[in-house]
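Now for the letters of each chain:
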Amino acid sequence: MTELRYLDSHLHLTDPRFNGIREAILLRAREAGVVKMFCNATREEDWRQTLALASASIVPFIGIHPWYCSTVERDWERRLAEILQTTTCGIGETGLDKKCAGDMVRQIETFTAQLQLAVAFRRPLTVHCLGCWGKLLEILELQTKTAPLPPIMIHSFGGSQEIMRRLVRLGCLLSFSARLAAPGQEALRQVFQETPMPHILLETDAPDQLQTGINPGTPEPSATNEPAYIVALYGFAANLHHMELQDFCSQIWQNGTVFTDSTLPR
Ligand SMILES: [Zn+2]
């Protein structure tokens, strides 16, 4: 049997909770077969560190998370554009979040600026969306009137069937976290089962979203989530889609390749 290759489509390897254990975590990921990870920055201060992690198995994404959009330094868009000119990274994590302190006008401006850069540079865009589906869909649908959308992934998707369908129609990929396996998430599991396979990705969102139901106990006292734990989610998700694990893995791998292909030099 060929060895399975796992992709973790969203995590934060520069998070300070990984300081001192980062190498051990990456080693455990490799040993578990997690050989591709999409590593996201959240604010300008972690762009350099995120870019420095780039390797055959780590694809960096740099951007401004909605939680940090009120603390951006002037001209951040120009600096992001300059980096995009000389590197092949993706853009993210960006998005809209109803629950965070940053005011919504600022969030929309910051998100739209990153969407525009993703359009201009044809880069994959990682989007966080909490409670702002109407606004997100409005922005994306408006964008299609002037230029085709860049490759877009909605990370840790938690929307309804209807939102899933509209995002799929726009060509977006939906990345599901271990919340899929959590108690009380029947509606999300149903949405997942109805999501067409070419639009699915899976993520840990490590070091966040540790789900004790599906993740094994962590050997570290800090009890963080980590990329190696994605393996259990693949098994769970393949089952929900009534697929053999091997076929499921190769489809997700292909989806991830389609998503990031635009980072290849053309
Ligand atoms: Zn994240």
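What counts as what
Residues numbered from 1 in each chain as written. Predicted model: local features only at pLDDT ≥ 70, side-chain atom pairs only at ≥ 80, totals over all residues. Heavy atoms only, no water. Helix = DSSP H or I, 4+ residues; strand = E, 2+ residues; numbered from the N terminus. Rg over C-alpha atoms; globule rule 2.2 N^0.38 Å. Buried < 20%, exposed > 50% of the residue type's maximum accessible area, 1.4 Å probe, protein only. Contact = heavy atoms within 4.5 Å. Areas by Shrake-Rupley, 256 points an atom, 1.4 Å probe, with all protein chains shown as cover. Donors = N, O, S within 2.8 Å, 3.2 Å for Na, K, Ca; no water. Tetrahedral: all angles 85-135°; square planar, octahedral: opposite > 155°, others 65-115°. Phe/Tyr/Trp six-rings, centres within 6.5 Å; stacked < 30°, edge-to-face > 60°.

A.B. asks: I keep staring at the overall build of the protein chain and nothing clicks. Help me out?
C.D. replies: Assigned secondary structure in the protein chain consists of nine helices and eight strands. Here the C-alpha radius of gyration of the protein chain, 17 Å, is about what a compact globule of 266 residues would show, namely 18 Å. Reported as C-alpha extents along the three principal axes, the dimensions of the protein chain are approximately 50 × 40 × 40 Å. Here the protein chain holds 266 residues, and 56% of them are scored as buried. In the protein chain, 71% of the contacts between residues at least 6 apart in sequence involve partners at least 24 apart. A total of about 11,900 Å² of accessible surface is found on the protein chain, and carbon and sulfur atoms cover 53% of it.

A.B. asks: Looking at this model, I keep getting lost on the coordination of the zinc ion. Mind explaining?
C.D. replies: Six octahedral donors at a metal ideally form angles of 90 or 180 degrees, and four tetrahedral donors ideally form angles of 109.5 degrees. Protein coordination at the zinc ion: the donors are H10 (NE2), H12 (NE2), E93 (OE) and D205 (OD), at 2.1 to 2.8 Å from the metal. Every donor counted, the four donor atoms about the zinc ion form angles of 86 to 174° at the centre, which fits irregular coordination. Between the donor residues of the zinc ion, the gaps in sequence give the motif H-x1-H-x80-E-x111-D. On the criterion of sequence distance, the pair formed by H12 in the loop between β1 (6–11) and α1 (22–32) and D205 in the loop between β8 (200–202) and α8 (230–240) is long-range, its members being 193 residues apart. Just as H12 is buried, D205 falls in that class too.

A.B. asks: Quick question: what am I supposed to make of the packing of aromatic side chains here?
C.D. replies: Describing an aromatic ring pair means giving the distance of the ring centres and the angle of the ring planes. One pass over the structure, following the stated rule, counts eight aromatic pairs. Measuring from ring centre to ring centre gives 5.9 Å for F157 and F176, while their planes differ by 80°; the resulting arrangement is edge-to-face. Here the residue F157 occupies a position in the loop between β6 (152–154) and α6 (161–169), and F176 occupies one in strand β7 (residues 173–176), the gap between them amounting to 19 residues. A relative accessible area of 1% places F157 in the buried class. Taking the relative accessible area as the measure of exposure, F176 reaches 0% and is therefore buried. Ring geometry for Y234 versus F248: centroids 6.0 Å apart, planes at 80°, classification edge-to-face. You can see Y234 sitting in helix α8 and its partner F248 sitting in helix α9 (residues 245–260), a full 14 residues away along the chain. With respect to class, Y234 is no different from F248; both count as buried.

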